[in-house]
Structures are given as structure tokens and as C-alpha cells.
Amino acid sequence: AFEVECRRSGVTVDVGPGQTILQALKAAGIGVMTSCEEGICGTCETRVLDGIPEHRDSVLDEAEQAANTCMMICVGRARTPRLVLDL
Ligand code: FES
């Protein structure tokens, strides 16, 4: 499990092992635009302000993934105990 802080909303949620970031945010009442929810459309692309995401999408190319400045939160997870998102 890891924590996701939504800096603009001032809300922090725990993301459990069987849950996506998107599901955890929705449960906390944070609305995010989504479509495919499978990491292929790019609709849920979110800026990462701190922490290192674990990318699981097929939207970003290798260089974009390595930059760690944005992620697809419908499938992506975290490599650090905490991620800070621009939400
Ligand atoms: Fe399509 Fe996340 S909703 S990539």
C-alpha cells in the first residue's frame, strides 16, 4: 500500500494492494476524468509533483516515463511510499 496526496484538494488517501489510485481517489470524492481505465487512452494523465510513480500504461513513451512528471492514475502505482499529485 502507498499514500497519495492530492495537493490542490488537500486530501491524502491510502491506496491498498487491490485498488487503483483512481478507485481510491473516487472513494474519497475526488473527481478525475477517465475513459478506458486500462492505461491506453491518456484521459487520466495526471501531473506528479513528488514521489516516483510505477508506470503501467502504454500511453507514455520510455523518456516520458523516465521523467516521472506525469502518470496514468487508472493503472499506475507508486515506487515510493508516497506520491504527490497535482489534483
Ligand atoms: Fe485511459 Fe487512464 S483512463 S489511460
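What you see is a predicted model, and the numbers here were worked out from it, not measured in a lab.

**Quick notes on the pairing of strand 7 (residues 82-85)**
Across 4 bridges, strand 1 (residues 2-6) lies against strand 7 in parallel orientation. Within strand 7, the residue paired with E5 across the bridge is V84. In this sheet, strand 7 lies alongside strand 3 (residues 45-50) in antiparallel orientation, the contact comprising 2 bridges. Residue pairing in the sheet places D50 in a bridge with V84 of strand 7.

**Observations concerning the confidence of the model for the chain**
Model confidence for the chain is summarised by a mean pLDDT of 97, while 100% of its residues fall at 70 or above. Here the predicted complex scores 0.95 on pTM and 0.99 on ipTM.

**Concerning the pattern of salt bridges**
Side chains carrying opposite charge are able to pair once their charged atoms draw close together. Applying the stated criterion across every chain, the model contains 7 salt bridges. Residue R82 pairs with E3 through a salt bridge whose shortest N-O separation is 2.3 Å. One end of the pair, R82, is in strand 7; the other, E3, is in strand 1, with 79 residues separating them in the sequence. When its relative accessible area of 34% is taken as the criterion, R82 is described as partly exposed. With its nearest N and O atoms 3.3 Å apart, the salt bridge here joins R47 to D86. You can see R47 sitting in strand 3 and its partner D86 sitting in the segment after strand 7, a full 39 residues away along the chain. When its relative accessible area of 18% is taken as the criterion, D86 is described as buried. One salt-bridge network, held together by shared partners, links E3, E5, R7 and R82.

Definitions and cut-offs
Residues numbered from 1 in each chain as written. Predicted model: local features only at pLDDT ≥ 70, side-chain atom pairs only at ≥ 80, totals over all residues. Heavy atoms only, no water. Pairing = 2+ DSSP bridges. Helix = DSSP H or I, 4+ residues; strand = E, 2+ residues; numbered from the N terminus. pLDDT = per-residue confidence, 0-100. Salt bridge = Lys/Arg side-chain N within 4 Å of Asp/Glu carboxyl O. Buried < 20%, exposed > 50% of the residue type's maximum accessible area, 1.4 Å probe, protein only.

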